[in-house]
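# Summary of the model geometry
Chain by chain, the residues run as shown.
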Amino acid sequence: MKHRIFLFLFACVSMLSLVLTSCSDDSVDVNTINKQTILIFMPWSGSQSGVGLYNELKENLDSIESAIVDEKGMNGRVLVFLSKSSQSSSLYEITYENGQIEHHTIKEYTGNEYDTTQGMAEVFSDVQQNAYALNYALIVGGHGTGWTYKSDWSRSASSAKRFSPSTTGTGAYPVPDDALPTFTTTRFFGSASDMNYAFDIPDLAAALRQSGMKAQYILFDDCYMANIEVAYELRDVTNYLIASTSEVMAMGMPYYSLWNYLDNSTPRYESIVNGFHSFYSNYTVPCGALSAIDCRKVDQLATVMKEINKNYTFDESQRDSVQVLDGYNTPIFYDMGSYVDHLCKNANLKSAFHSALDEVVKYKATTPTLFTALYRGNEHQFEVKSFSGITISDPSLNSVAIRGREKTAWWKQTH
């Protein structure tokens, strides 16, 4: 009996030694693991009959590839999801081989399920299965309407009423996008002309959560995405949000000059914001706003905001004094810092708010004036007197904001 016990113990010790030796021999060298995969997500931005921003998105990809060639490669891996039509999309990898850019197709998609939680989650899972990394980043190109819900637009976002300086009172009329010169068209996430190709931010957050692909940063190359409502919704699926409070020119981000800061496992957020600002300060229409927002810090800001809302009610007579950062006839996106300055009357509470806001908006820059394609005539630009780098829709009287804001996680947490 003792002999059998001895043999059993000897076998266990031998097996354990073998396992430990095997683990030691097969240990993973972390230096060989891909540090970062960037997914450039460019869904269809038009309608069934219109191409939307397809040509501009292709130019963005060309700029990125030119930067890769000049840098003689990448720091990680770069995958692209590109919709070539309203019903056809592909996922491919950009590689740099023998001094040349190559495209390697990973998967083809039909239909537009990618604008649903399940569809986006499938794309994100495909990315991870084919280009596993320690960190992921997401660049989204297309149109954007901030935190608003596509179901709350009675018409398409691009058909929203636009202000007309030639009329009096509340006179307004739609302006087709093609009525403006190419250099002054802007990007409205998804499609602005056909809500069948639009996205809701909670669906994006749910897709990232479902797929387990937490992002190092999400860059929205779209209009009106630097909202506190968006940042709060994305707080557990990305570290940083890089976005504009206002409209972005149709050509989008100056990727050629920014790529070196984006293609990095430790992205250089200040350089991204400053590079964008430098480019658009010298643009044909000098205008542009960009912020780098730390979504990990928004909970503390929400706590302070809840205390402010509990003690103060907005004075309606102050609305016209709050900085507006959009071009809608009835504004949706107000500068958050300016709004709270007009809302809160307690100096200590206001100081606590601004301290929390400074932790959230790490870097920001804007030109003295911003452009909007929603205006017509000589009223394309408006002055920026107050800029905190993030917007809020609490004071908005726009019907889209009224219908949707109480559904946002931010509103529920702060009211």
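What counts, and where the lines are drawn
- Residues numbered from 1 in each chain as written.
- Predicted model: local features only at pLDDT ≥ 70, side-chain atom pairs only at ≥ 80, totals over all residues.
- Heavy atoms only, no water.
- Axes fitted to C-alpha atoms, helices over the stretch in contact; angles between N-to-C directions.
- Helix = DSSP H or I, 4+ residues; strand = E, 2+ residues; numbered from the N terminus.
- Parallel < 35°, antiparallel > 145°, perpendicular 65-115°, else oblique.
- Left-handed = near helix turned anticlockwise from the far one by under 90°.
- Contact = heavy atoms within 4.5 Å.
- Nonpolar A, V, L, I, M, F, W, Y, C, P; charged D, E, K, R; others polar.
- Buried < 20%, exposed > 50% of the residue type's maximum accessible area, 1.4 Å probe, protein only.
- Pairing = 2+ DSSP bridges.
- Lys, Arg positive; Asp, Glu negative; His and termini not counted.
- Salt bridge = Lys/Arg side-chain N within 4 Å of Asp/Glu carboxyl O.
- Polar contact = N/O pair within 3.5 Å; in protein donor to acceptor, adjacent residues only side chain to side chain.

Packing of helix 8 (residues 298-311) against helix 10 (residues 347-360) brings their axes to within 9 Å, and their N-to-C directions diverge by 155 degrees. The angle between the axes of helix 8 and helix 10 places the two elements in the roughly antiparallel class. Regarding helix 8 and helix 10, the two cross each other, and that crossing is left-handed. Contact residues: V298, Q300, L301, V304, M305, E307 and I308 in helix 8; L349, A352, F353, A356, L357 and V360 in helix 10. Among the residues forming the contact of helix 8 with helix 10, the class breakdown is 11 nonpolar, 1 polar and 1 charged.

As a further point, take the packing of helix 9 (residues 336-343) against helix 10. Packing of helix 9 against helix 10 leaves a shortest axis separation of 10 Å and a crossing angle of 170 degrees. Viewed along their axes, helix 9 and helix 10 adopt a mutual orientation that is roughly antiparallel. Of the residues in helix 10, those in contact with M336, G337, V340 and D341 of helix 9 are K350, F353, H354 and L357.

Attention now goes to the pairing of strand 5 (residues 135-141). On any regular strand, side chains alternate: one points to one face of the sheet, the next to the other face. Counting buried positions along strand 5 yields 6 of 7 residues, so the element is predominantly enclosed. Both strand 1 (residues 36-42) and strand 5 contribute to a ladder of 6 bridges, which runs parallel. The partner of L39 across the bridge, within strand 5, is L138. Here strand 5 runs beside strand 9 (residues 215-221); their pairing, made up of 6 bridges, is parallel. Paired with G141 across the bridge in strand 9 is D221.

In this fold, D335 is placed in strand 13 (residues 334-335). The buried charged residue D335 lacks any salt bridge, with K364 as its nearest oppositely charged partner at 8.5 Å. A polar atom in the side chain of D335 sits 3.2 Å from the backbone nitrogen of G337. With sequence-adjacent residues up to four places away left out, D335 is seen in contact with V322, Q323, L325, S386, F387, S388, G389, I390 and T391.

This paragraph deals with unusual backbone geometry. Glycine aside, residues mostly have negative phi, and peptide bonds are mostly found in the trans state. Of note, N98 is a non-glycine position whose phi angle comes to about 55 degrees, a positive value. With respect to the helices, strands and loops of the structure, N98 is situated in the loop between strand 3 (88-97) and strand 4 (100-110). For N98, a relative accessible area of 80% gives the class exposed. With a phi close to 55 degrees, Y224 is a non-glycine residue in the positive phi region. For Y224, the location among the structural elements is in the loop between strand 9 and helix 5 (228-233). Using a relative accessible area of 0% as the deciding quantity, one classes Y224 as buried.

Shape is all these values report; function is a separate question.
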